[in-house]
Amino acid sequence: MKVLIDPRAGFCGGVRRVVKMAEQHMAETGEPLVSLGDVIHNEVEIGRLKELGLSGTSHDILEGSTNGMKKILIRAHGEPPQTYEKAQKLGIEIIDGTCPVVTRSQTIARTHYLAGEQVVIVGKPYHPETIGIRGHCDDQALVVYEKSDVEKLDPDRKTFVLAQTTVARPWFQERIDWIKQRCANIEVQVENTLCRFVVGRDRDLEKFAKEVNVLIMVGGTKSSNTKVLYDVCRKVNPRSHLVVTASEIDVNWFEGDDVIGVTGSASTPHWLLENVRDAIAERTGAEIIGTNATERA
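Since the model is a prediction, treat every value here as computed from it, not as a measurement.

Asker: Please provide a residue-by-residue account of the overall build of the chain, values included.
Answerer: Regarding its fold elements, the chain presents 9 helices and 13 strands. Here the chain has a C-alpha radius of gyration of 21 Å; the compact-globule value for 297 residues is 19 Å, and the two agree. Along the three orthogonal principal directions, the C-alpha set of the chain runs to about 60 × 50 × 30 Å. For the chain, the proportion of its 297 residues judged to be buried stands at 52%. At a minimum sequence separation of 6, the contacts of the chain that also span at least 24 residues come to 72%. Carbon together with sulfur atoms contributes 49% to the accessible area of the chain, which is approximately 14,000 Å² in total.

Right, here's the structure in full:
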């Protein structure tokens with residue numbers, strides 16, 4: 001039996017960037033820091049950052065007493081303009097960790113909105129990234145999640161479509177088809193705003209899942225990306241299992257000469273993948289192959 005970590009697994013660039021920003025700020029100032037919402041959709045990594053001094057707060061903090069808070073961290077998902085305006089009025093300094101890919105989506109959406117076009121976001125209406133993009137369109141952008149959502153679209157108005165950056169490519173394409181059917185007699189421009197890491201990740205992960213006998217996906221319970229990638233794994237490898245930590249590993253999943261692959265979503269830190277791999281090796285006697293990799297640059 002052998003166990004290895006997916007060489008392409010680890011944080012995406014946006015998550016890695018905001019985590020480093022938080023760590024650096026706390027190290028340089030010696031002060032705790034507050035993020036607006038969970039800085040990452042992985043409860044284990046949140047626990048580690050909490051020990052360093054990072055805590056999370058809700059948007060309610062911007063509606064009333066700040067409890068003496070002077071700085072706030074914006075997570076990679078981004079925020080609508082109103083968040084920045086409220087923070088400024090309250091004298092709170094913003095440390096902006098918005099992923100550059102998300103910032104681009106916000107800018108593009110606002111440009112087309114100001115041009116008078118019907119802006120459509122293909123994504124989850126409750127997702128913070130979608131909420132942020134809508135905010136940059138004065139909350140006038142329409143969100144298509146279910147097929148019935150296209151009924152809200154004006155079929156005679158020039159339409160611009162973009163995606164929540166973390167949705168799956170086939171899922172995005174299916175909704176593009178719905179929108180084009182609804183707006184068949186008008187120009188529909190589509191901008192592929194999918195994160196390159198996410199788009200390339202499903203192909204890489206599908207290949208990795210086929211190469212191992214058992215696939216262990218490590219990810220947070222709140223992570224949309226984890227659920228998407230886990231579905232990719234299960235379609236090509238029925239012996240795929242989703243865990244949050246090493247404690248959930250069941251040795252009955254493994255047998256004989258299995259090659260066990262450990263992977264994760266864009267919000268899964270590499271140190272956690274190593275913990276899961278090491279736990280499997282310790283409990284099954286599996287040989288660890290490959291070397292510890294650093295997070296991708």
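Read on for the rest.
Asker: Any chance you could break down the environment of arginine 277 for me, citing the residues and the numbers?
Answerer: When you line up the elements, arginine 277 lands in helix α9 (residues 270-284). Relative accessible area serves as the criterion here: at 5%, arginine 277 is assigned to the buried category. Each C-alpha atom of the pair arginine 277 and leucine 49 lies 22 Å from the other, and the pair is 228 residues apart in sequence. Here the side chain of arginine 277 touches aspartate 278 through a polar contact of 3.0 Å, side chain to side chain.

Asker: Kindly report on the pairing of strand β12 (residues 259-264), identifying the contributing residues and their values.
Answerer: Burial runs high along β12: 5 of the 6 residues are buried. Of the strand pairs in this sheet, strand β1 (residues 2-5) and β12 are connected by 4 bridges, and their pairing is parallel. Among the inter-strand pairings, leucine 4 is bridged to a residue of β12, identified as glycine 261.

Asker: Hey, could you go over the sheet that holds strand β10 (residues 214-218) for me, with residue numbers and the actual values?
Answerer: Strand-to-strand pairing in sheets goes through backbone hydrogen bonds, with the strands running parallel or antiparallel. Read across the sheet, 5 strands follow the order β11-β10-β12-β1-β13 without closing on themselves; strand pairing throughout is parallel. Two strands bound the open sheet, and with one partner strand each, they are β11 (240-243) and β13 (287-288). Of the pairings in the sheet, the one linking β10 to β12 comprises 5 bridges and is parallel in character. Of the residues in β12, the one forming a bridge with valine 218 is glycine 264. Against the sheet, helix α8 (residues 224-236) makes contact with β10, β11 and β12, and its axis sits at roughly 160° relative to β11, the strand it touches most.

Basis of the calculations
Residues numbered from 1 in each chain as written. Predicted model: local features only at pLDDT ≥ 70, side-chain atom pairs only at ≥ 80, totals over all residues. Heavy atoms only, no water. Helix = DSSP H or I, 4+ residues; strand = E, 2+ residues; numbered from the N terminus. Rg over C-alpha atoms; globule rule 2.2 N^0.38 Å. Buried < 20%, exposed > 50% of the residue type's maximum accessible area, 1.4 Å probe, protein only. Contact = heavy atoms within 4.5 Å. Areas by Shrake-Rupley, 256 points an atom, 1.4 Å probe, with all protein chains shown as cover. Polar contact = N/O pair within 3.5 Å; in protein donor to acceptor, adjacent residues only side chain to side chain. Pairing = 2+ DSSP bridges. Axes fitted to C-alpha atoms, helices over the stretch in contact; angles between N-to-C directions.

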